Amino acid sequence: MEHPVQDEAARRALCLGALVMRGKFESVAASATTQMLVIHEELATQLSIWIADEGLIAGQSTSEKLLISKGLGSWSRQELIDAAWRANALGVILWSLSQFDELPPWDRQFTAQETIKPLNLFTPVENFIETAKLRPAAEIASARNLAELWHWRSLERRRQEDVDHSEMTSI
């Protein structure tokens, strides 16, 4: 039986995982020895080939395609930061696909290593897609509502801190 939403989420996870993996290669490149740089350049090339061979290009955003196609060692600091944040987004998608039992506490991000591991990158994507099982919609909605509440609370706290700070400086 085919599950379009589940399969689409699994493919999206694979696309994000590939980008997070590429980001890891990129972060190593800055301080790599010549030998390590050659190894990571080959890995980056193999990752690009795997993405194409597995039909994942269509699931990548324009910016993801651009980043994957850049030469190793050419990402900006902001691009590295953005890739690290994508690991967190990937973690949530993996949770929704039942790859993690629970979400981490709100003050902890998913790491690149823990989000890449369940994807088994460089293997046929069907291996992952077949094991991904979307959680019930109500469970996902409940987690989303809680995340939005935490987000709202953090914005309100920041707003209140800004107000308190401006009041203190105007005295």
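Computed from a predicted structure; not experimentally measured. (Residues numbered from 1 in each chain as written. Predicted model: local features only at pLDDT ≥ 70, side-chain atom pairs only at ≥ 80, totals over all residues. Heavy atoms only, no water.)

### A short note on the side chain of Glu64
Then step 1. Within the fold, Glu64 resides in helix α3 (residues 62-69).
Then step 2. Within the structure, Glu64 has its side chain in polar contact with the backbone nitrogen of Ser61 (distance 2.9 Å).
Then step 3. Beyond its immediate stretch of four places on either side in the chain, Glu64 contacts Arg12, Leu16, Leu19, Gly59 and Arg86. (Helix = DSSP H or I, 4+ residues; strand = E, 2+ residues; numbered from the N terminus. Polar contact = N/O pair within 3.5 Å; in protein donor to acceptor, adjacent residues only side chain to side chain. Contact = heavy atoms within 4.5 Å.)

### Some points on the nonpolar core
Then step 1. Residues Leu14, Trp50, Leu119 and Phe128 are the most contacted members of the largest nonpolar core, which totals 36 residues.
Then step 2. Contributing elements (two or more residues each) for this core: α1 (4-29), α2 (34-53), α3, α4 (77-96), α5 (112-116) and α6 (125-131).
Then step 3. Ranked by residues supplied to this core, first place goes to α1 with twelve residues.
Then step 4. Setting aside anything within four residues of it in sequence, one finds Leu119 in contact with Ala13, Leu14, Gly17, Leu90, Leu94 and Phe128. (Core = buried A, V, L, I, M, F, W, Y, C linked by side-chain atoms within 4.5 Å. Buried < 20%, exposed > 50% of the residue type's maximum accessible area, 1.4 Å probe, protein only.)

### Some words on a nonpolar patch on the surface
Then step 1. Taken together, the side chains of Trp106, Leu146, Leu149, Trp150 and Trp152 make up a nonpolar region of the molecular surface, amounting to roughly 530 Å² of accessible area.
Then step 2. Relative to the helices and strands, Trp106 is located in the loop between α4 and α5. (Patch = residues over 30% accessible without salt bridge, like charges linked within 9 Å, V, L, I, M, F, W, Y side chains within 5 Å. Areas by Shrake-Rupley, 256 points an atom, 1.4 Å probe, with all protein chains shown as cover. Salt bridge = Lys/Arg side-chain N within 4 Å of Asp/Glu carboxyl O.)

### With respect to the environment of Ser48
Then step 1. Of note, Ser48 is situated in helix α2.
Then step 2. For Ser48, a relative accessible area of 27% puts it in the partly exposed group.
Then step 3. A C-alpha to C-alpha distance of 9.2 Å links Ser48 and Arg22, two positions 26 residues apart in sequence.

So far we have only geometry, and geometry alone does not tell us how the molecule works.
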